[in-house]
Amino acid sequence: MAATSHTFKIPQSVLVVIHTPALEVLLIKRADADDFWQSITGSKDSLEESFVETARREVMEETGIDCSPSSLLAGQLQDWDLENVYEIYPRWRHRYAYGVTHNTEHLFGLQVSAGTPVHLSPREHTAYQWLPWREAAAICFSPSNAEACLLLPRFAASSRR
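Nothing here was measured: the structure is a model prediction, and the numbers come from that model.

1. Structural notes on the packing of aromatic side chains
- Counted by the stated rule, this structure contains six aromatic pairs.
- Ring centres of Phe-36 and Trp-92 lie 6.1 Å apart, and the angle between their planes is 75°; this geometry places the pair in the edge-to-face category. Taken together, the residues Phe-36 in the loop between strand 2 (24-30) and strand 3 (37-38) and Trp-92 in the loop between strand 5 (77-87) and strand 6 (102-111) connect sequence positions 56 residues apart.
- When its relative accessible area of 9% is taken as the criterion, Trp-92 is described as buried.
- Among the aromatic residues, those joined into a ring-pair cluster are Phe-36, Tyr-89, Trp-92 and Phe-141.
- Above the plane of the ring of Trp-92 lies Arg-30, whose end atom (NZ or CZ) is 4.4 Å from the centre.

Shown next as structure tokens:
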């Protein structure tokens, strides 16, 4: 019997709310679910990867927006120092090791200029839109994502000080 190698997702992820100075939020539509709009999300690639490294990598992979340490947007990635622990939707639990039912999600904001180009990964997302923060919150499928959109004005104001 041949051994199979299966890499399970790590139940530690990031949620990055990308927004403009006018608090318009970028939402992307998942390719694997009908009408599931969300901010940038993704799991750590390894336990050693920091949340900020995960956030930078996921933003680049999912939108093509570069907020790496050497980019012009490096200083715009804001760690909100908040975490959500939530139950993983049953439809996606097979991606995690047996018995894993909850994920820890670390929140970030990333301010970009209006008109910043977005290049989606078609394997993961099929469309994007910019919406005012309240409207974005109203269509997010994830309650934690909706809550993050509603927190945006508070965090955006604190980053301007």
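2. Remarks on unusual backbone geometry
- Residues other than glycine seldom take positive phi values, yet Leu-23 does so here, at roughly 65°.
- Examined against the element boundaries, Leu-23 turns out to sit in the loop between strand 1 (12-19) and strand 2.
- A positive phi angle, near 55°, is found at Asp-81, a position not held by glycine.
- Mapped onto the elements, Asp-81 comes out in strand 5.

3. Topic: the pairing of strand 4 (residues 40-43)
- In strand 4, alternate side chains face the same way, and those of Ile-40 and Gly-42 on one face and Thr-41 and Ser-43 on the other are all buried.
- Here strand 1 runs beside strand 4; their pairing, made up of four bridges, is antiparallel. Within the sheet, the bridge partner assigned to Ser-13 lies in strand 4 and is Ser-43.

4. Comments concerning the nonpolar core
- Residues Val-25, Leu-27, Trp-80 and Leu-152 are the most contacted members of the largest nonpolar core, which totals 20 residues.
- The set of elements that each furnish at least two residues to this core consists of strand 1, strand 2, helix 2 (133-139) and helix 3 (143-159).
- The contacts of Trp-80, once residues within four sequence positions are left out, are Val-17, Leu-107, Phe-108, Gly-109, Ala-148, Leu-151, Leu-152 and Phe-155.
- In terms of nonpolar packing, the next biggest core, distinct from the first, is built from 17 residues, Val-14, Ile-28, Ala-55 and Cys-67 among them.

5. Thoughts on the environment of Val-118
- With respect to the helices and strands, the residue Val-118 is situated in the loop between strand 6 and strand 7 (125-132).
- A relative accessible area of 9% means that Val-118 is categorised as buried.
- In this structure the C-alpha to C-alpha distance between Val-118 and Gln-129, which are eleven residues apart in sequence, comes to 9.7 Å.

6. Structural notes on the pattern of salt bridges
- One pass over the structure, following the stated rule, counts eight salt bridges.
- Here Glu-124 and Arg-123 are joined by a salt bridge, their closest N and O atoms 3.7 Å apart.
- One continuous salt-bridge network, built from bridges that share partners, spans Asp-45, Glu-49, Arg-57, Glu-58 and Glu-61.

7. Re helix 1 (residues 51-63)
- For helix 1, which comprises 13 residues, the first-to-last C-alpha distance of 18 Å matches the rise-based estimate of 18 Å (1.5 Å per residue) to within 8%.
- Turning to helix 1, its buried residues are Phe-51, Thr-54, Ala-55, Arg-57, Glu-58, Val-59, Glu-62 and Thr-63.
- Taken together, the buried residues of helix 1 touch strand 1, strand 2, strand 4, strand 5, strand 6 and strand 7.
- Note on helix 1: the residue one or two positions beyond its end, Gly-64, has a positive phi of about 75°.

About the thresholds
- Here, residues in each chain are numbered from 1, in the same order as that chain's written sequence.
- Local features in this predicted model are restricted to residues of pLDDT 70 or higher, and side-chain atom pairs are both shown and tallied only at a pLDDT of 80 or more, whereas totals for entire chains, interfaces and linings draw on every residue.
- Excluded from the side-chain calculations are hydrogens and water; all other atoms, namely the structure's heavy atoms, are used.
- Aromatic rings from Phe, Tyr and Trp, with only the six-membered ring used for Trp, were paired whenever their centres fell within 6.5 Å, and each pair was classed as stacked if the ring planes differed by under 30 degrees, edge-to-face if by over 60, and tilted otherwise.
- Runs of H or I in DSSP of at least four residues are treated as helices and runs of E of at least two as strands, each being numbered from the N terminus.
- Exposure categories follow from relative accessible area, calculated using a 1.4 Å probe and restricted to protein chains: below 20% of the type maximum is buried, above 50% is exposed, and the middle band is partly exposed.
- Two thresholds decide whether a charge sits over a ring: the Lys NZ or Arg CZ must be within 6 Å of the ring centre and within 35 degrees of the ring normal.
- By the convention used here, strands pair only if DSSP detects at least 2 bridges between them.
- In this description, a nonpolar core means a group of buried Ala, Val, Leu, Ile, Met, Phe, Trp, Tyr and Cys residues linked to one another through side-chain atoms lying within 4.5 Å.
- The criterion used for residue contact is that any of the two residues' heavy atoms lie within 4.5 Å.
- The term salt bridge refers to a side-chain nitrogen of Lys or Arg lying within 4 Å of a carboxyl oxygen of Asp or Glu.
- Between the first and last residue of a helix there are one fewer steps than residues, each counted as 1.5 Å, and that sum is the expected span.

In short, geometric facts, not functional conclusions.
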